[in-house]
Amino acid sequence: MVWFLPRLLAVVLVLALGVGLGHLAGAALGLPGVGTVTGAAIAVALAVLVDLLRAMRLMTWLRGDLARAAPRDAGFWGEVGYRVERALRLREQATAAEAKRLEEFLSAIEASPNGVLLLDDKDQIVWSSAVAADHLGLDARRDMRQPITNLVRTPAFVAYLQDGDSRESVSFAAPGGQGNLQVVVRAYGDRQKLVISQDVTERTRADAMRRDFVANVSHEIRTPLTVLAGFVETMASLPLTEAERARVLKLMAQQTDRMQVLVSDLLTLAQLEGSPRPPADRWVAMAPLLRRVLADAQNLSAGRHPFDAVDLPEVEVAGLEPELLSALANLVNNAVRYTPAGGRIAVAWHARADGSAEIEVRDSGIGIAREHLPRLTERFYRVDGSRSRDTGGTGLGLSIVKHVIQRHGGALEIDSELGQGSRFRLLLPASRVRARVGAGVPAGA
Ligand code: ADP
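Fair warning: this is a prediction, and the values are worked out from it, not measured in the lab.

Student: Got a minute to help me understand the overall build of the protein chain in this structure?
Tutor: What the protein chain contains, in helices and strands, is 12 helices and 12 strands. Over its C-alpha trace the protein chain gives a radius of gyration of 45 Å, far above what one expects of a compact globule, namely 22 Å for 445 residues. Referenced to the eigenvectors of the C-alpha coordinate spread, the extents of the protein chain come out at roughly 165 × 65 × 35 Å. Each of the 445 residues in the protein chain was classed as buried or not, and the buried ones make up 33%. In the protein chain, once contacts between residues fewer than 6 apart in sequence are set aside, the share between residues at least 24 apart is 56%. Counting every atom, the protein chain has about 26,100 Å² of accessible surface; 59% of that belongs to carbon and sulfur. Here the protein chain contributes 52 positive and 50 negative side-chain charges, whose respective centroids are spaced 4 Å apart.

See below:
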């Protein structure tokens, strides 16, 4: 009511002025009564006119750009303008704060690795996070208000969505054709739905790998077991001569050896996967290690292959000796097993200028066709299954080698050509290679 008294005072003042001046003018003309009334009327008309002008100005502002300030008039209309503008600004601030909160909320949802999609009661898209749009192959803007089942037609998803609020989730191939999705739908509000999608490609792949692995292990163990069972039955049911008995027992021993090697390789792999990285400060001298590996390989070769002389390096590698030994032994033994008699085998150490090094195992054996190279280090992958088994292979050797070298911060590189021999290289990072303590410069440098 702060505007009321001044306004009343102003009206009274204008009226008094009009009456006073009208009375004076009327008296001069000998008509004081008429003068008083006319003065009062003019005063009232003037006051109304000023009021009207202010009201019109306020109305023009209200109809126009409300972002501009309200007319700064005094009195009643000024007060109305001021109050309207203040209410407007407060509302704007509240809306901006609300919008900021919503934006923060949505960016939190966008930051989630899971996709979020909101559907109305007719399953039309109300809002979609970028991840959900990517998962389901949607265009977040173009597909707004479209029924989701028109856009994602995968039968498993459509059936699941129409089932209502299910506690279970559904998995299906991503509509874009890349990977697998797991989707959960929850009802909320007034028959609206919240769809949460998750990329489970990696998990699906890991599950498939685990299943394959178990199937492969079972198969690998079942074969020698079947053979053994056959021999046991033969021995139990048939009268055998001493020579036959000896032969059967030898074959049985071969099968048990095969299972032992398989179990030992499986344990090695499990250990490699479950143990921490090899220490970077335990140094293993390479020369004695290579000497052992070569002696074993020459035993295996039984003089069938000439080995190129090795310049034994005066170096040490940081890591675990049993692992390094196993990796090298696998490579050199493969060279022997896949190289026909008379073929050459060479093992060499190469130091590089940047301090890193590589151990090279080369043979002039049967070689490997290009298409097999990317898969060689997969567990149980064999180019020629019978040759591998006949020579005591488990199909796990190169996968052990790859694991070992990767755990030592290095890499395994394979070059080979069918019929031309193969070259396997273990690359070791500079941080894990040093000259043997007490030696001069690293051999081969
Ligand atoms: P395996 O026990 O069968 O030898 P590996 O994992 O050691 O298993 O090797 C996988 C496959 O790679 C082998 O089955 C073989 O076909 C091929 N391979 C490995 N080393 C050589 C080599 N030096 N020359 C030719 N083929 C090789």
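On we go.
Student: I would appreciate a short explanation of a nonpolar patch on the surface in the present structure.
Tutor: A cluster of nonpolar side chains, F4, L5, L8 and V12, forms an exposed patch at the surface whose accessible area comes to about 370 Å². Secondary-structure assignment places L8 in helix α1 (residues 4–28). For L8, a relative accessible area of 41% translates into the label partly exposed.

Student: Got a minute to help me understand the domain arrangement of the protein chain in this structure?
Tutor: In many analyses, interface size is given as the accessible surface area lost on bringing the parts together. You can read the domains of the protein chain as domain 1 (4–96), domain 2 (112–199), domain 3 (209–272) and domain 4 (276–435). If you average the C-alpha positions of domain 2 and of domain 4, the two centres end up 50 Å apart.

Student: Would you mind going over helix α10 (residues 321–337) with me for this structure?
Tutor: In an α-helix, one full turn covers 3.6 residues, which means residues spaced three or four apart are oriented alike. Here α10 is 17 residues long and its end C-alpha atoms lie 24 Å apart, about the 24 Å a rise of 1.5 Å per residue gives. In terms of burial, α10 is largely enclosed, as 12 of its 17 residues are buried. For α10, every residue scored as buried is listed here: E323, L324, L325, A327, L328, N330, L331, V332, N334, A335, V336 and R337.

Student: I keep staring at the site of the ligand and nothing clicks. Help me out?
Tutor: Close to the ligand lie 22 residues; N334, Y338, S388, G395 and L398 are nearest. One nitrogen or oxygen atom from the side chain of S388 is found 2.5 Å from an oxygen atom belonging to the ligand. Here a nitrogen atom of the ligand sits 3.4 Å away from a polar atom, N or O, in the side chain of S422. Judged by the proximity of its atoms to the pocket grid, the ligand belongs to the largest pocket. Put simply, the parts of the chain that give the shell around the ligand at least two residues each are α10, α12 (397–407) and β11 (421–428). If you tally residues by element for the shell around the ligand, the top one is α10, at 3 residues.

Student: Even after reading the chapter, I still don't get the layout of surface pockets, so can you show me in this structure?
Tutor: By rolling a water-sized probe across the atoms, one finds the places where empty space is left. What the largest pocket holds in volume is close to 950 Å³. Along the walls of the largest pocket sit 41 residues, with N330, N334, R337, Y338 and G393 positioned nearest its centre. When contributions to the lining of the largest pocket are tallied by element, the ones reaching two or more residues are α8 (242–274), α10, α11 (385–390), α12 and β11. With 8 residues, α10 is the largest single contributor of residues to the lining of the largest pocket. Among the domains, domain 3 (209–272) and domain 4 (276–435) are the pair contributing at least three residues each to the lining of the largest pocket.

Student: So what exactly am I meant to see when it comes to the nonpolar core here?
Tutor: Most often, soluble globular proteins have nonpolar side chains that are buried together. Core analysis: the largest hydrophobic core is formed by 46 residues, its most contacted members being M286, W349 and L426. For this core, the element with the most residues is α10, which contributes 8 residues. Viewed by domain, this core spans two of them, domain 3 (209–272) and domain 4 (276–435), each represented by three or more residues.

Student: Honestly, the sheet that holds β11 in this entry has me stumped. Any pointers?
Tutor: In sheet architecture, strand pairing relies on hydrogen bonds along the backbone and comes in two forms, parallel and antiparallel. Reading across the sheet, the 4 strands line up as β8-β9-β11-β10 and stay open at both edges, with antiparallel pairing between neighbours. Bordering the open sheet on either side are β8 (345–351) and β10 (411–417), each of which pairs with just one other strand. The sheet shows a mean angle of 15° between the axes of neighbouring strands, taken without regard to direction. As paired strands, strand β9 (residues 357–363) and β11 are joined by 7 bridges and run antiparallel to one another. The residue of β11 that forms the bridge with E358 is L427. Taken strand by strand, α10 contacts β8, β9 and β11, and its axis lies near 20° from that of β9.

Reading the values: rules and limits
- Residues numbered from 1 in each chain as written.
- Predicted model: local features only at pLDDT ≥ 70, side-chain atom pairs only at ≥ 80, totals over all residues.
- Heavy atoms only, no water.
- Helix = DSSP H or I, 4+ residues; strand = E, 2+ residues; numbered from the N terminus.
- Rg over C-alpha atoms; globule rule 2.2 N^0.38 Å.
- Buried < 20%, exposed > 50% of the residue type's maximum accessible area, 1.4 Å probe, protein only.
- Contact = heavy atoms within 4.5 Å.
- Areas by Shrake-Rupley, 256 points an atom, 1.4 Å probe, with all protein chains shown as cover.
- Lys, Arg positive; Asp, Glu negative; His and termini not counted.
- Charge placed at Lys NZ, Arg CZ, Asp CG, Glu CD.
- Patch = residues over 30% accessible without salt bridge, like charges linked within 9 Å, V, L, I, M, F, W, Y side chains within 5 Å.
- Salt bridge = Lys/Arg side-chain N within 4 Å of Asp/Glu carboxyl O.
- Domains from an automatic or database assignment.
- Expected span 1.5 Å × (residues − 1).
- Near = heavy atom within 4 Å.
- Polar contact = N/O pair within 3.5 Å; in protein donor to acceptor, adjacent residues only side chain to side chain.
- 1 Å grid on protein atoms, 1.4 Å probe; cavity = no way out; pocket = protein on both sides within 12 Å on 5 of 7 lines; lining within 4 Å.
- Sits in = over half its atoms within 2 Å of the grid points.
- Points joined across faces, edges and corners; volume = space filled by probe spheres on them.
- Core = buried A, V, L, I, M, F, W, Y, C linked by side-chain atoms within 4.5 Å.
- Pairing = 2+ DSSP bridges.
- Axes fitted to C-alpha atoms, helices over the stretch in contact; angles between N-to-C directions.

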